[in-house]
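# Notes for the structure review
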Amino acid sequence: MELDAHGETSYTPMRMEAPSEGLGDTYYMRLALQMAEAAVGQTGTNPNVGCVVVKEGRIIGLGSHLQQGSAHAEVHALNMAGEQARNATVYVTLEPCSHHGRTPPCADRLIHEQVARVVVAGTDPNPQVAGRGIAKLREQGITVTTGVLEQEARRLIDPFTTLMTTGRPYITLKTASTLDGKVAASTGDSKWITGDEARAFVHTLRHRHHAIMVGIGTALVDDPLLNTRLPVPGLHPIRIVVDSNLRLPTDARLVLDQSAKTIVLASAEASADRQSQLEQLGVEVVRCGAGPQVDLSVAMDLLGRMGIGSILLEGGGRLNGAMLDRQLVDYMYVFFAPRLIGGNGPGSFEFAGFARMQDAIQLEKPTCTVYGSDLCVAGKPVYVRQHSGEQE
């Protein structure tokens, strides 16, 4: 997952300009990746997949997986190609499925249409598929080529891979601070640290994630809606609040607003009466762990079982630090505004930390992007050492 210079996606950016490598497998696979990337945020826990059908040098079918439970990319592309699909070459960013889920197997459809060749970027991390789709195609005499732009394709489905291999959602952390590392003044004032361009990109990130998560401190101080506000209609993520003691007020906007579902993560010792009050207002309360604080590792496992595939974490310093402490963050966007506020205001990350610099969390292949006057450093955190394991 990487951030491009235009800030188009929270996962892998697919450059929209004409590829320089000329026509060939890479050219058509890049187009398929662009098709897949365009629907990021729409597919729930399903992977983003794109497909291109080519025959005699002409593109005859294009498709993306658009919504969980609906037709896969290959089906859309083959439907567009129609009878011309016979003896065509099909480019698909992820191995065609071979099992019956909510939709029939795409491998069977490719066989039925009598395509001549299938070019696959990467095999499916889902154990139900994991090479079976490719094997099925080859058994029927279809030529299969694999590994074309595989790295780009795998980054695009990082959320799906994380859910398949760990059972928990893919977590993207977003935070913004002044140059001296403050997320608010000593008075608590925090609006606004970054400018319009940076905040617009954050709303794009919200659109592209299944859920958004904050701590109870943020919910109490800001009374946020946590919805998506874009020039065109965007998808509103599920709202998640980490609230060990169920302090979320019943008149909070996260409770009263019905534009998206709200889930509150509580401890085992939180008030049953408060849970009942919130549930009567449509809030789902999930108890996480056996102690007086929410066990974040348990919470992420539960959210994965609930079908939440990706979360944008917009927490304060304590929640951000706790998530990093448990090595639960998969990608980070750290915004810096060109301001110095001084004082003893809160910072972006609060956790026990490390005794040695060499043990610090590092960002792998970081990118830097300017939004207006704000700088965003983004990358995948690399965890060198275990932390304290304190609970939130």
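Presented here is an overview of the structure given in this document. What you see is a predicted model, and the numbers here were worked out from it, not measured in a lab. Starting afresh in each chain, residues are numbered from 1 along the sequence in its written order. Given that the model is predicted, a residue must reach a pLDDT of at least 70 before its local features are reported, and side-chain atom pairs must reach 80 or more before they are shown or counted; all residues, however, enter totals for whole chains, interfaces and linings. By convention in this description, side-chain values take in all heavy atoms of the structure and omit both hydrogens and water.

### Some thoughts on the sheet that holds strand E5 (residues 143-146)
If DSSP finds at least two bridges between two strands, the strands pair. Each helix is a run of H or I in the DSSP string that is no shorter than four residues. Each strand is a run of E no shorter than two, and both are numbered from the N terminus. An order of E2-E1-E3-E4-E5 is seen for the five strands of this open sheet, with the pairing classed as mixed. Both edges of this open sheet fall to strand E2 (58-64) and E5, since each of them pairs with a single strand only. Averaged over all adjacent pairs, the angle separating strand axes in this sheet is 15 degrees, with direction ignored. By the convention used here, residues are in contact when the closest approach between their heavy atoms is within 4.5 Å. For helices, the fitted line uses only the C-alpha atoms of the stretch in contact; every axis is such a line through C-alpha atoms, and the angle between N-to-C directions lies from 0 to 180 degrees. Strands strand E1 (50-55), E2, strand E3 (89-94) and strand E4 (117-122) of the sheet are contacted by helix H1 (residues 25-37), whose axis makes an angle of about 50 degrees with E3. Taken strand by strand, helix H4 (residues 132-139) contacts E4 and E5, and its axis lies near 150 degrees from that of E5.

### Some points on the packing of aromatic side chains
Where two aromatic rings form a pair, the distance of their centres and the angle of their planes describe that pair. Aromatic rings from Phe, Tyr and Trp, taking only the six-membered ring of Trp, are treated as a pair when their centres fall within 6.5 Å; an angle between ring planes under 30 degrees marks them as stacked, one over 60 as edge-to-face, and anything in between as tilted. Summed over all chains, the structure comprises eight aromatic pairs. Aromatic pair Tyr27 and Tyr28: ring centres 5.2 Å apart, planes at 90 degrees, arrangement edge-to-face. Using a 1.4 Å probe on the protein chains alone, a residue whose accessible area is under 20% of its type maximum counts as buried, one over 50% counts as exposed, and one in between counts as partly exposed. Given a relative accessible area of 25%, Tyr27 falls into the partly exposed group. Note on Phe335 and Tyr371: the rings are 5.8 Å apart at their centroids and 50 degrees apart in plane angle, and the pair reads as tilted. Residue Phe335 is located in strand E12 (residues 331-337), and its partner Tyr371 is located in strand E13 (residues 362-371); the two are separated by 36 residues in the primary sequence.

### As for the nonpolar core
We define a nonpolar core as any set of buried Ala, Val, Leu, Ile, Met, Phe, Trp, Tyr and Cys residues linked to one another through side-chain atoms lying within 4.5 Å. Among the nonpolar cores identified, the biggest contains 27 residues, and Met213, Ile240, Leu265, Met300, Ile311 and Met323 are the most heavily contacted of them. Put simply, the parts of the chain that give this core at least two residues each are strand E6 (170-178), strand E7 (211-215), strand E8 (238-242), strand E9 (262-266), helix H11 (296-305), strand E11 (310-313), helix H12 (317-325) and E12. Those residues within four positions of Ile240 in sequence are excluded, and the remaining contacts are Ala211, Ile212, Met213, Val214, Ile263, Leu265, Leu303, Ile308 and Ile311. Core analysis: the next-biggest nonpolar cluster, separate from the first, contains 24 residues, Ala77, Ala107, Val118 and Leu137 among them.

### Thoughts on the environment of Leu235
Positionally, Leu235 belongs in the loop between helix H8 (216-222) and E8. Classification of Leu235 as partly exposed rests on a relative accessible area of 38%. Taking the C-alpha atoms as reference points, Leu235 and Glu95, separated by 140 residues in sequence, lie 27 Å from one another.

### Things to note about the pairing of E12
Within E12, six of the seven residues are buried, which leaves the element mostly enclosed by the surrounding structure. Sheet analysis places E6 next to E12, joined by seven bridges and oriented parallel. What sits directly across from Lys174, in E12, is Tyr333.

By themselves, these figures tell us nothing about what the structure is for.
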